[in-house]
Amino acid sequence: MNNSADIIQSALNPAAVEAAHIARLWWIFFWVTLLIFALVTLALVFAFVRHARDATSEPQIIGEPDARSQSRTAAVVWSLVAMTVAILFALLIIDFFTGNKIYAAPDANALGIKITGHQWWWEIEYQNPQPSEIVATANEIHVPVGKPVKFELQSVDVIHSFWVPNMHGKKDLVPGHPTTTWFTATRAGEFRGQCAEYCGEQHAHMRLVFVAEPAPQFDHWLSEQKRSAPEPASDSARRGRDIFVSRQCVMCHAIQGTNARATLGPDLTHLASRKMIAAGELPNTRGYLAGWILNAQVLKPGTQMPPTQLGADDLNALLDYLESLK
Amino acid sequence: MLMLMSCKREERALVTQSPSLEMQRSRYEVNVASNGESARIKTWFDRNSWSMAQGKQLYDAYNCVGCHAHGGGGMGPPLMDEKWIYGSEPQQIYGSIVYGRPNGMPSFHGKIPDSQVWPIVAYVRSMSGLADQSAANPRDDHMKGPLPPSSVPESTPHEVSLPNSAEQPR
């Protein structure tokens, strides 16, 4: 199994059309500035060497420079100034064209995904004109390779920033001011996103799992996500469901197909299908899930998830139920 | 000097120890032995603006607004006046939330954990000015109130014609 914690987030390892443009621009800047740095360093070394050579010889009385050497100095200085301006302009023009390509309006048929920032997790909603076809999930985004995806970003509390470096640059989620960003993934893989605007105590633990996959696989995933939660199969899982809907869980979480319909916390309808919990902080295993339920404040101090009082049997039943939510 | 002022950060009520025993104890102390401990809880939460901000968020999230509105009341009694049917002390408000009250107030026992009830209590108290004014939220998260009269767009009065169905029967 792929452990998403091992994935390196890198803007220089592009997996989308937009990120490729940005990476190319970055490399152009890198090589140009590296070349200039090397030239300046060479000139500096040359000046040192010449000074050291002059110092060993007889001291000379330097008189007024003659008109010829004066005009030579002026020519060198002005040609260097002109070169600097020309290089800066060239970079500006390349930058402009890159920006033009990245921000070209997306396809009208782009897949629409609404992302809502919370302290400290991502609410994800796959848009559809049919309300019953809308898919709600959290902290894990799947997109098809080769199809433009348009993200509508908003926040319910403070400013967050959506950033999947392998896909595109950052875009802020501003409360009361919806923003958009869009990109087209070019290769399949599992990537990682990160909140890129300081948003409070657990800002560093506000991550997301980003999966780009071939269209058929994506369609299958989406149709699975549209289903309501399956009826629990075992007695233990049934008991777990009863605990879920009768205890404090139901105050914040939703599980489609049950009475749990609150929207304060992440939608848990397909919790077991997700790779990570706690906004990409912990692997979705039975042990971490149990710890998270009993006292999330130890794992992520400040999170809205309150501690829960549960006996061992109740906890096991609840875990059985949550693990059945594929 | 300005930088020094920001040195001490306000303490936050994060529950980091194992919940079970601690919580049962606090409930017991509030309901039975409500003397020194309740005074401590009262001063602590009423002076902690982070808790009050959390309480406000939870007040919205748990739909207290549905009956009490933003303090003005509706189906439930208003919370921003000085009238308290079941008392204004923190432990009394705690009791109202956790155990419910006759004629409508549901019991949130087992639904809202203690660590969240106390911040809600502090916020409820702040609505009628009972919490420490230096800690109470100085502004709202949302825009509110009508526009001042000078900002209301001008409109010309026009004749209202009633539909036939609205006419008085003869």
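What you see as residue numbers is a count from 1 along each chain, following the sequence as written. Think of it this way: whatever chain is written first is A, whatever ligand is written first is 1, and the rest follow in order. Where totals are concerned, whole chains, interfaces and linings use all residues; where local detail is concerned, this predicted model gives features only for residues with pLDDT of at least 70, and gives and counts side-chain atom pairs only at 80 or more.

**A look at the overall build of chain A**
The cut-off we apply is this: For helices the rule is a DSSP run of H or I covering at least 4 residues; for strands it is a run of E covering at least 2, with both sets numbered from the N terminus onward. Residue burial here comes from a neighbour count, namely the number of other C-beta atoms, placed from the backbone, that lie within 10 Å of the residue's own C-beta, with 20 or more meaning buried, 12 or fewer meaning exposed, and in between meaning partly exposed. Any two residues are considered in contact once their C-beta atoms, placed from the backbone, lie within 7 Å.
The number of helices and strands found in chain A is six helices and 12 strands. Along the longest, intermediate and shortest principal axes, the C-alpha atoms of chain A span 100 × 45 × 40 Å. Counting every position in chain A, which comprises 326 residues, the buried fraction comes to 30%. Contacts in chain A between residues far apart in sequence, at least 24 positions, make up 65% of those at least 6 positions apart.

**Notes on the confidence of the model for chain A**
Residue and element names in this part refer to chain A. Which entries qualify depends on this criterion: The pLDDT score gives, residue by residue, the confidence of the prediction method on a 0 to 100 scale.
On average, residues of chain A score 90 in pLDDT, and 94% of them reach the 70 mark or higher. Looking at the elements of chain A, mean pLDDT is at its lowest for helix 1 (residues 17–56), recorded as 90, and at its highest for strand 6 (residues 160–163), recorded as 96. For residues 1–6, every residue scores under 50 in pLDDT, and the model assigns this stretch seven contacts once sequence neighbours within four places are set aside.

**Re the packing of helix 4 (residues 49–61) of chain B against helix 7 (residues 114–127) of chain B**
Packed helices, taken two at a time, are described by the angle their axes make and the gap between the axes. Residue and element names in this part refer to chain B. As a reminder of what qualifies: Each axis is a line fitted through C-alpha atoms, taken for helices only over the stretch in contact, and angles between the N-to-C directions span 0 to 180 degrees. Between 65 and 115 degrees an angle is taken as roughly perpendicular, under 35 as roughly parallel, over 145 as roughly antiparallel, and anywhere else as oblique. Residue polarity follows a fixed list, in which Ala, Val, Leu, Ile, Met, Phe, Trp, Tyr, Cys and Pro are nonpolar, Asp, Glu, Lys and Arg are charged, and the others, Gly among them, are polar.
At a closest axis distance of 7 Å, the pairing of helix 4 and helix 7 adopts a crossing angle of 95°. The pairing of helix 4 with helix 7 is recorded here as roughly perpendicular in orientation. On helix 7, the residues that touch S51, M52, Q54, G55, K56, L58 and Y59 of helix 4 are Q116, P119, I120, A122, Y123 and S126. Looking at the contact of helix 4 with helix 7 residue by residue, the classes come out as seven nonpolar, five polar and one charged.

**Quick look at helix 7 of chain B**
All names here are of chain B. Threshold: Each residue after the first adds 1.5 Å to the expected span of a helix.
Counted at 1.5 Å a residue, the expected span for helix 7 with its 14 residues is 20 Å, and the 20 Å between its end C-alpha atoms agrees. Here helix 7 lies mainly inside the structure; 12 of its 14 residues are buried. Burial in helix 7 covers these residues: Q116, V117, W118, P119, I120, V121, A122, Y123, V124, R125, S126 and M127. Downstream of helix 7 by one or two residues, G129 has phi in the positive range, about 80°.

**Here's the deal with the domain arrangement of chain A**
All names here are of chain A. Selection rule: As used throughout, domain bounds are those supplied by an automatic or database domain assignment.
Split into domains, chain A comes out as domain 1 (1–51 + 105–215) and domain 2 (235–323). Here the C-alpha centre of domain 2 lies 29 Å away from the C-alpha centre of domain 1. Every contact between the two is made by 19 residues of domain 1 and, on the other side, 15 residues of domain 2. Elements supplying a minimum of two residues to the side of domain 1 that touches domain 2: strand 2 (121–126), strand 3 (135–138) and strand 10 (207–213). The residue inventory of the side of domain 1 that touches domain 2, partitioned by class, reads eight nonpolar, six polar and five charged.

**So, the environment of A:H118**
Residues and elements named next belong to chain A. Mapped onto the elements, H118 comes out in strand 1 (residues 111–118). Since 21 C-beta atoms lie within 10 Å of it, H118 is described here as buried. Those residues within four positions of H118 in sequence are excluded, and the remaining contacts are E123, V156 and D157.

**What to know about the sheet that holds strand 6 of chain A**
Residues and elements named next belong to chain A. How we decide: Two strands form a pair only when DSSP identifies at least two bridges running between them.
Taken in spatial order, the five strands make up an open sheet running 4-10-9-6-7, and their pairing is mixed. Pairing within the sheet leaves two strands with one partner each, and these edge strands are strand 4 (140–144) and strand 7 (171–173). When the angles between neighbouring strand axes are averaged without regard to direction, this sheet yields 25°. With six bridges joining them, strand 9 (residues 189–195) and strand 10 adopt antiparallel strand pairing. Each bridged residue has a counterpart across the sheet, and for R192 the counterpart in strand 10 is V209. Set on the sheet, helix 3 (residues 215–226) makes contact with strand 4 and strand 10; between it and strand 4 the angle comes to about 135°.

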